[in-house]
Amino acid sequence: MKHTIFSLSLSILLITSTQAQLVDTRLSPYSRLYSLGLGDVNFTDGFWAERFKIYSQTTVPELLKTYMDKDVSHSFENFRIAAGLAEGKHSGPVFHDGDMYKTLESAASMYAISKDKNLDKLMDEIISVIVTAQRPDGYIHTPVLIQEKAKHDNENEISERLNFESYNLGHLMTAACVHFRATGKKSLLEVAVKASDFLCRYYQNTTPAQARNAICPSHYMGLIEMYRTTQDAKYLTLAEKLINIRGLMENGTDDNQDRVPFREQTKAMGHAVRANYLYAGVADLFAETGDSSLLRPLNLIWENMTQTKMYVTGACGALYDGVSPDGVSYQPLEIQKTHQAYGRDFQLPNKTAHNETCANIGNLLWNWRMFLLTGEVKYFDIVELTLYNSILSGISLDGHDFCYTNPLAVAADFPYKLRWSGGRLPYIALSNCCPPNTTRTLAEVQNYAYSLSENSLWVNIYGSNTLKTKTKDGKEIEIKQTSNYPWDGICSFEIEKMPKSEYSLRLRIPTWSSNVKILVNNLPFTEEIIAGNYLEIKNKWKKGDKITLEIPLTATLLESNPLVEETRNQVVVKRGPIVYCLESADVVNQSIFGITLPADIQLVPVATTINNSQIVCLEGRAKASAENSWNNLLYRQLTPADKSVSFRLIPYFAWGNRSANEMTVWMNLSR
């Protein structure tokens, strides 16, 4: 087969790497906010500084080593074979290319902060192989390319629905934009431009059935980020076209969110990763087009997800396997299968919760984009919730191991084996999409810390850091933040540089907070402070000005809507943004599922370490029932919870770091 060779020019590049963001909405006409440059925020101490050190020194290097070791993973070896640099067959899942791209994005994000020359050199080596592997017409997908080299060309590009080509290419586009913005180099961006151009030509006369092949549509976000980077309108046009024709084919499914056109959808449905990537991509499209017919379903789906389908940890995708009777008429032979999916409203099991880490990351990506559109705190509250709970739970405290699924309870006597792996593993052979996705997300946390708008700096994440940035019109901003958040709610800001004219500092007052206090240059801020809001402090700032924010962090009990059957008469303990859990290691000679918390329980925060990581646990006393065997019993007479026991709760993200333990987030309540 002959493939078209075309010349490539990046002379159209209008957006330089200087000051470029993770999601670059500086020129997006319908986005209220834009982000800071990739290297503008540096965590200096406390929670995120500790995490970032582990990710930079352990996680990213080990992930690169894993993907470049052909005896463990064939991800990079597949590129070498496709490039003609090695002999062999394709090995591993079809989305393995995307794993390599996500790992490159992690490395580029780390480089934006560290400027590590060795890391830069390693990225260059990897990219050179990818460049060689790419076909002259821009197509790149190693399973097909290796098949072509073996003279088995079956013309299969983009035609196989489960080949994940568009998903892989979407992550190539995103990684290329981040790499360009972090390094100023165009090597990977040139690959992404050629691949994007291939998609534009391929889909020029596309049918709805062909568009349906794009499952897990990361390429919607990728194409729009390519448009933002190059200002080439054909990428935006293609993204809009692909979203418009979703749902226009026959035999669409709720699992793939294409049974009905997107604009007619009102509920979160189907495979949760595919769903959340779709919603994030649509939010990106709205930021560029302002098409209100896209925003209406986004809002309705968001309300349905947050009010009936999201876990208390921010996790998404309750079901390992399920059915979607909404997809067709309710006839037993016509019910559609779903997997790794949103369930029905209020269907939120705990022990069998799937909650794939990638779906939780998708929840962050979607809500981050909704926040950039609107500046509404409710969206960033979910960004925070997922970061500290259902995304951080996806990686071990030491940065070595990963979770594919994130259940809210683990029991030793659970009666059957679930289809996908649970617990922490260094390499998840059949579904290793989550480790590089988790790594790139956590390597980029600093990019969510602040945002900018006209005459305002928005403070989103609290924690010790230094900020050095410029506004779109070149005005310098430098601030030093000192805080031990999320363990302590006192956050101090010292102004180094601010625009000379009147300028606003907007502090996020979380929806869960109360009795918040603010001092400006040691004087009380007297205006009303409303939770669930960004508080604006407008001033002509000068060097040395200080702002102190005090958010009381109190352990509170949360209950669920009674329609969530699995958690009736149970509670969750939450302190600030942190959801807590009980592990069997932290209660003596007692089943964790027999612990009952009094409604007026007093929980004492205690600083401690697990695997050399600083955490704050909560200690208290509760009631417990006597240990009686359930062998060969389905029902028995009630055993009163009349034994007093001491126990300790740890942050949910820290579960599973002390060998195999039972765990539960929801605990029995005595009113």
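Q: Outline the overall build of the chain, listing residues and values.
A: Scanning the chain from N- to C-terminus turns up 15 helices and 27 strands. The C-alpha radius of gyration of the chain comes to 25 Å, within 12% of the 26 Å expected for a compact globule of 671 residues. Each of the three principal axes of the chain carries a C-alpha extent, and together these read 80 × 70 × 45 Å. For the chain, with 671 residues in total, the buried portion stands at 61%. Pairs at least 24 apart in sequence give 72% of the contacts found in the chain among residues at least 6 apart. Within the structure as shown, the chain displays about 26400 Å² of accessible surface, and the carbon and sulfur contribution to it stands at 49%. Of the side chains in the chain, 67 bear a positive and 72 a negative charge, and the two mean positions are spaced by 2 Å.

Q: So what about the sheet that holds strand E10 (residues 456-459)? Which residues, and what values?
A: In space, the 5 strands of this open sheet follow the order E1-E9-E10-E14-E17, with mixed pairing throughout. Two strands lie at the open edges of the sheet, namely strand E1 (34-35) and strand E17 (533-539), each paired on one side alone. In the sheet, E10 pairs with strand E14 (residues 503-509) via 4 bridges, with the strands oriented parallel. Residue pairing for E14: serine 456 is matched across the bridge by serine 504. Contacting E14 and E17, helix H14 (residues 377-391) runs over the sheet at an angle of about 55° to E14.

Q: Requested: an account of empty space enclosed by the protein, with residues and values cited.
A: Taken as a whole and assessed by the stated rule, the structure comprises 2 cavities of 30 Å³ or more. In this model, the largest cavity occupies a volume close to 190 Å³. Lining the largest cavity are 18 residues, with Glu105, Thr174, Leu365, Arg369 and Arg440 positioned closest to its centre. Elements supplying a minimum of two residues to the lining of the largest cavity: helix H6 (165-183), helix H9 (218-230), helix H13 (357-374) and helix H15 (434-443).

Q: Tell me what's going on with the state of the cysteines, and back it up with residues and numbers.
A: Summed over all chains, the structure comprises 0 disulfides. Left without a disulfide partner, cysteine 216 is nearest to the cysteine sulfur of cysteine 433, which lies 7.9 Å away. Looking at cysteine 216, the relative accessible area reads 7%, which means it is buried. Looking at the unpaired cysteine 433, the closest cysteine sulfur is the one in cysteine 358, lying at 3.9 Å. For cysteine 433, a relative accessible area of 9% gives the class buried.

Q: Explain the pairing of strand E24 (residues 613-625) to me, using residue names and the numbers behind them.
A: Remark: a regular strand shows side chains that alternate across the two faces of the sheet. Both strand E22 (residues 595-598) and E24 contribute to a ladder of 2 bridges, which runs antiparallel. Bridge assignment links threonine 596 to a residue of E24, and that residue is lysine 623. Taken together, the 7 bridges between strand E23 (residues 604-610) and E24 define a ladder with antiparallel strand orientation. When the bridges of E24 are listed, threonine 609 appears paired with glutamine 614. Between the end of E23 and the start of E24, which pair antiparallel, lie 2 residues, with asparagine 611 showing a positive phi angle near 50°. Bridge count between E24 and strand E25 (residues 641-651): 8 bridges; the pairing is antiparallel. Considered in E25, the bridge of leucine 618 is made with leucine 649.

Q: Describe the nonpolar core, naming the residues involved and giving the relevant values.
A: Core analysis: the largest hydrophobic core is formed by 213 residues, its most contacted members being Leu457 and Leu507. At 12 residues, helix H11 (residues 272-289) tops the list of elements feeding residues into this core.

Conventions we followed
- Residues numbered from 1 in each chain as written.
- Predicted model: local features only at pLDDT ≥ 70, side-chain atom pairs only at ≥ 80, totals over all residues.
- Heavy atoms only, no water.
- Helix = DSSP H or I, 4+ residues; strand = E, 2+ residues; numbered from the N terminus.
- Rg over C-alpha atoms; globule rule 2.2 N^0.38 Å.
- Buried < 20%, exposed > 50% of the residue type's maximum accessible area, 1.4 Å probe, protein only.
- Contact = heavy atoms within 4.5 Å.
- Areas by Shrake-Rupley, 256 points an atom, 1.4 Å probe, with all protein chains shown as cover.
- Lys, Arg positive; Asp, Glu negative; His and termini not counted.
- Charge placed at Lys NZ, Arg CZ, Asp CG, Glu CD.
- Pairing = 2+ DSSP bridges.
- Axes fitted to C-alpha atoms, helices over the stretch in contact; angles between N-to-C directions.
- 1 Å grid on protein atoms, 1.4 Å probe; cavity = no way out; pocket = protein on both sides within 12 Å on 5 of 7 lines; lining within 4 Å.
- Points joined across faces, edges and corners; volume = space filled by probe spheres on them.
- Disulfide = S-S within 2.5 Å.
- Core = buried A, V, L, I, M, F, W, Y, C linked by side-chain atoms within 4.5 Å.

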